[in-house]
Each structure stands twice: as C-alpha cells, then as structure tokens.
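# Coordinate analysis (summary)
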Amino acid sequence: MATGIRDKVVILGMGCSRFGERWESNAEDLMVEAFQECIQDAGIDKKEIQAAWLGTCFPEISVGQSALPLSVTLRLPNIPVTRVENFCASGTEAFRGAVYAVASGAYDICLALGVEKLKDTGYGGLPEFGSNAGPRNFLVQPNITAPGTFAQLASGYAAKYNIPDDQLKRAMAHVSAKSHANGVKNPKAHLRKAVTEEQVMAAPIIAHPLGLFDCCGVSDGSACAIVTTPEIAKGLGKKDLISVKALQIALSNGYEFGYNEWDVDHFVTTSIASTRAYEEAGIKNPREELSMIEVHDCFSITELVTMEDLHISPRGGAIKDIMDGFYDADGTIPCQIDGGLKCFGHPIGASGLRMLYEMYLQLLGRAGERQLKDPRLGLTHNLGGFPFMNICSVAIVGRYEKR
Amino acid sequence: MRRYTHSPLGEEIRAAAGRYAIETEKLLAFRGRSVLIALGYATVDSACCGTGGCGFAFVPGYLVGWKVSRNEKGEAVSEVEPIEDEKEREELRRIIRDTEKVDQVNFW
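Quick notes on the rules
- The numbers attached to residues start from 1 for each chain and follow its sequence in the written order.
- Here every chain gets a letter starting at A, and every ligand a number starting at 1, in the order they are written.
- Given that this is a predicted model, residues contribute local features only at a pLDDT of at least 70 and side-chain atom pairs are listed and counted only at 80 or more, while totals for whole chains, interfaces and linings are drawn from all residues.
- Only DSSP runs of H or I with at least four residues qualify as helices, and only runs of E with at least two residues qualify as strands; both kinds are numbered from the N terminus onward.
- Radius of gyration here uses only the C-alpha atoms, and the compact-globule reference equals 2.2 Å multiplied by the residue count raised to the power 0.38.
- Our contact criterion uses C-beta atoms placed from the backbone: two residues qualify when those atoms are within 7 Å.
- Orientation is described by lines fitted to C-alpha atoms, with helices fitted over the stretch in contact, and by angles between N-to-C directions that extend from 0 to 180 degrees.
- Relative orientations are named as follows: roughly parallel for angles under 35 degrees, roughly antiparallel for angles over 145 degrees, roughly perpendicular for angles from 65 to 115 degrees, and oblique for any other angle.
- Handedness of a helix crossing follows the sense of rotation of the near helix relative to the far helix, less than a right angle counterclockwise being left-handed and clockwise being right-handed.
- Asp, Glu, Lys and Arg are counted as charged, while Ala, Val, Leu, Ile, Met, Phe, Trp, Tyr, Cys and Pro are counted as nonpolar; the rest, among them Gly, fall into the polar class.
- Here the rule is simple: two strands pair whenever DSSP picks up at least two bridges between them.
- Looking down the strands as they point away from you, a crossover is right-handed if its path from the first strand over the helix to the second goes clockwise.
- Here a helix's expected span is defined as the number of its residues, less one, multiplied by 1.5 Å.
- Labels follow a simple rule on C-beta atoms placed from the backbone: if 20 or more others lie within 10 Å of a residue's own, it is buried; if 12 or fewer, it is exposed; otherwise it is partly exposed.
- For this quantity, the arc is that covered by the directions from the helix axis to the C-beta atoms.
- Residue ranges for the domains trace back to a domain assignment, done automatically or taken from a database.

Along chain A, the regular secondary structure elements total 15 helices and 11 strands. In summary, chain A has a C-alpha radius of gyration of 20 Å against a globular reference of 22 Å for 403 residues, a match within 12%. Considering only residue pairs separated by 6 or more positions, chain A has 78% of its internal contacts joining residues 24 or more positions apart.

This next bit is on the overall build of chain B. For chain B, the count of helices and strands is one helix and seven strands. Ordered by position in the sequence, the α and β elements of chain B form the string β-β-β-β-β-β-α-β. At 14 Å, chain B has a C-alpha radius of gyration in line with the 13 Å of a compact globule built from 108 residues. Based on the C-alpha atoms only, the size of chain B along its principal axes is roughly 40 × 35 × 20 Å.

Attention now moves to the packing of helix α5 (residues 146-161) of chain A against helix α12 (residues 300-309) of chain A. When two helices pack together, their arrangement is captured by the angle between the axes and the distance separating the axes. Residue and element names in this part refer to chain A. Relative orientation of the contacting elements α5 and α12 amounts to 45°, with a least axis distance of 9 Å. When the interaxial angle is binned, α5 and α12 end up oblique. The element α5 and its partner α12 pack so that their crossing is left-handed. Between α5 and α12, the residues in contact are F150, L153, A154 and Y157 and I301, T302 and V305, respectively. When grouped by side-chain class, the residues that make up the contact of α5 with α12 number six nonpolar, one polar and no charged.

Turning our eyes to something else, we now look at the pairing of strand β3 (residues 81-84) of chain A. Residue and element names in this part refer to chain A. Two strands pair when backbone bridges link them, and strand β2 (residues 51-55) and β3 are joined in this way by four bridges, in the parallel orientation. The residue bridging A52 from the neighbouring strand is V81, located in β3. Note that the unit made of β2, helix α2 (residues 68-73) and β3 has a crossover that is right-handed.

A word on the sheet that holds β3(A). Residue and element names in this part refer to chain A. Read from one edge of the open sheet, nine strands run β3-β2-β4-β7-β1-β8-β11-β10-β9, paired in mixed fashion. Strand pairing shows two members of the sheet lacking a second neighbour, β3 and β9 (292-294), which therefore form its edges. Each strand of the sheet is rotated relative to its neighbour by a mean of 25°, with strand direction disregarded. Pairing geometry for strand β4 (residues 110-117) and strand β7 (residues 220-228), over eight bridges, is antiparallel. Bridging across to β7, K117 finds its partner in D220. The sheet contacts of helix α3 (residues 90-104) involve β2, β3, β4, β7, β8 (242-251), β10 (377-386) and β11 (389-399), and relative to β4 the element is tilted by about 170°.

All names here are of chain A. The terminal C-alpha atoms of α5, which comprises 16 residues, lie 23 Å apart, in line with the 22 Å expected from a rise of 1.5 Å per residue. Listed in full, the buried residues belonging to α5 are A146, P147, F150, A151, L153, A154 and Y157. Each buried residue of α5 sits inside an arc of 150° when the element is viewed along its axis, so together they form one side.

Our next topic: the interface of chain A and chain B. The partner chain B presents 25 residues to the 31 residues of chain A that form the contact. Those elements that provide at least two residues to the side of chain A that touches chain B are α5, α7 (197-202), β5 (205-207) and α14 (340-344) of chain A. Broken down by element, the side of chain A that touches chain B gets its largest block of residues, four residues, from α7(A). Of the residues belonging to the side of chain A that touches chain B, the class tally is 19 nonpolar, eight polar and four charged.

Before going further, it helps to examine the domain arrangement of chain A. All names here are of chain A. Structurally, chain A comprises domain 1 (10-119 + 220-242) and domain 2 (145-203 + 245-398). The straight-line distance from the C-alpha centre of domain 1 to that of domain 2 is 24 Å. Across the boundary between the two partners, domain 1 contributes 35 residues, which contact 30 residues of domain 2. Among the elements of the structure, β1 (10-16), α3, β4 and β7 are those that each provide at least two residues to the side of domain 1 that touches domain 2. Partitioned by chemical class, the residues of the side of domain 1 that touches domain 2 number 18 nonpolar, 10 polar and seven charged.

As a further point, take the environment of R22(A). Residue and element names in this part refer to chain A. Positionally, R22 belongs in the loop between β1 and α1 (27-42). On the neighbour-count criterion, R22 (22 C-beta atoms within 10 Å) is buried. In sequence terms R22 and L379 are 357 residues apart; their C-alpha atoms lie 28 Å from each other. Those residues in contact with R22 that sit more than four places away from it in its chain are L30, K119 and D220.

Following this line, the structure appears as structure tokens:
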C-alpha cells in the first residue's frame, strides 16, 4: 500500500542563480552559480552526493543532450546522473527524481538541478515546437501558438461564468501588477520594476484578451536542491528542517483535446494533481492551510484559473479573490511572492526549482524584504504545454514537524 | 467615469516579454464629443510567444476632464468615460485605422 512521500525526505540545501539576460554567462556558469550556493547551504562536500538529476527542456540550444553537462560542469564524482525533460515541469521533475531516489533508500543524498539558457538563440520566443513535439505534431496541432491557446482559455472562462471583458482584463492586470510589485524586492529576479494596473491595461494585445504584460518572458537561469533523509539531516546538525509533503504530476490523456465536454475554462490536470497532492500532504482545506503558493503564471489567465484548479478559490470565484487582495503579498495566501514568471522570466528547466527555492527561503525565514510571517506550508505548480494538452506538477513543502 | 493616468510620452514601459511606449496623445472629435486616444508602439522581443511588434492605439474613452489632477508620481490624470458600445467602438476603429499607422485599436 503506497504511503506517499510526506515527510520522508528533507531539503538539505538550495541555491538559485540570478535570472535574466545573462549574456556574460553560459549555461555551465549558471549551474555553478546555483550549485555553489546550494552546496554551501547544505554544508556537505560534493563527494557526498550519490546521484543527480538534471532538468532542461531545450538541451539542443543550451547545455546539449545527455546528463553529461551536469556531471562534467560540477565535476561530480562519477555518480549516476539522469537528464529529465517534461516541458515546463522539467525542474520539478528533476526534483521528483532526486526525492524519490532518497525515499526509496537507494541513495542517502541526491542533487536536483534545473537550467535553461534561452537568451543566446538570437531571437525572442521558444524554439519551433515542430522539431520537439514528435512527427505527428503538425497533424494534431497545426499553427497553434501558446498565447493563442491561452487566450482561448480566457475566452472560455469568461463565457462560462459570464464575465465582462473589462472585468476579466482588470483582474488579469491585478495578477500582473501584484507579481511585479513582489519582484521589485527580489535581487535575483530578471525584471525588478513595478507597473500599475493602468499600465498593464494600456499595453497592446498579443492575443485577445491577453496583453503584453499578461505574457511572461524568456530568460536565463538555474536553480538546484540537495535532498536527504530527516535522520541524515539531523545528523549533519540541521535543526530547522524543510520536508517534502507532496509531489504529484498529472498529464493530459487526450480527454480535453479529443472530446467536446471540456469547456476550455479550467485545467483538468491541475485539478487532479492538486487533489492528489493535498491527500498526500494530509491537507483537508487548502484555503485555510496553505501559507503561500508559487504558480505557473506563463500567462495571467493561467494564474487566475489555477486558483480555482488548486481548489483555493471556488469555481467562478477567482476574480473576486484576486480583486479582494487574497493573493497579494499582504493577503491570506500570497501568490508569486518572489515575483513569479512575470519577473523571473521562464528558463524552463529552472523554473520549478526556482519556485521551490522561494518556498524554502520563506519557510526558513530567509527571504529578506519579502519574508512572510510564519509560513508553514508552501505549494508550487508548473504547467507545461497548452490548456488542451499539458503536464501539471504540484509540489508541497513545509516545516518538518514529525517527531 | 474612470481616471486615466498619462504615461510620459516616449518613455518605455517594460515587461519581461517586451516593452511599449506611448508616443503621442490626440483628441478626436466624434459624435459631438472628444475622444482621448493614446498612440504608441510595442516591441515583443523577449517573450515565450515569439518575436514581433506593432503600432497601436489605446482609447481610454470620451474626455470628461483634461488633466484635472496629478498622481503621487506627479503624472497628469484625466477623467474619461469608457466607450462600451460596440457600434461606437467599430466606427472609431475604422476612423483610427484610416488615419493612423496602427495595427490594433484597443479600448479600456
């Protein structure tokens, strides 16, 4: 009988590079930057790491294929290293590999590192999906764009709940302005500039109703974690332990894409993954028990809808919560307290671990200007793909309170 | 009625995905009233969406009060009445597209 991952593994250390247009650094430099902070935080020698996972989504244009880029860059001691890719969930997928390896008893100490270097391609945007999504890609999803499909989500959501265009726009503007206000306080963020809701509303449209500030940017960055068992961490003298409470991934199976029952108003996968995660973490009422969340705000509408798929806001109720400030830095459950994808950009392989890094800092009281009061449980969420076909990861971390 | 804060002309407003700037503001005579129009350009050069840019018009609405106050940053604030009627919007879109070099006309 499966018992889940709750409190079986703790985070020994974490690190995160500065995100941004890192023209002066290559992917290897970013990995080293994140790892140096992480290994120092963990307080161990590199030789004590027994296995590692590397998360990266477009290795062809950044680090190259295989897991060798991580092993060679960090001069890891000939240990098993695995490269994983699962769209935007790649960083969390690497974390999952390392955590499960420790939980299984196969290893004592493991490393998970995510990295992506997207600014050196010479153009904006992600590489053409046709080359990465399989030979039938052009048959099943020809001519689609990410903003186009997420704009359809916005329209579908508005239609389902009869929301006027300007009301939805203003709520999305609040989502974006809130994240930018948070990002100003984060020295590792790509963009540290506050914007007003008015400025967001006045920006030109990318795909109606999504405007320029509703879309995240590409960036360069890396983040990593070293994980172990609670017993080993205590043996190393660690006192305040942060443990993994839940790790769930849910993938589309063709239902949204292939049938007409789905109203393009929510993410089927997120709803399922979060339900499983709460069960694994022993959370009965996420609205009351979660302290903070970092969600995949690739587009502002994604964040808005995700509030409902995480079962925090009621169906059709996210706009009210957003406009009431429920998810603001001084709200009940702050969302994107580090600035989110809007301020960090989205170096795909690194994003999931970057989110966990903020939860880790907050739980340990190390978040400086952004520090929240007494957080206990933090949730991170990634969504890779499109509303109609995607990969969703949900991770929950919190203070280790098992005695 | 809404309050419209005038962005400093030519000053770029940055997002992670790109940037935009309002270059000029105009008052357009329409149906016996004045419509405030902000004209600008956007460059999308760092978005997951791809690369592009456009000239655009942003229409806060019918002018009610021109620069009646200032915000805490000292920027001028006007009072406007948003244009919500779809027929009026369509007519304005046509007029603005015929007279300005813009790819899109957006309303508040």
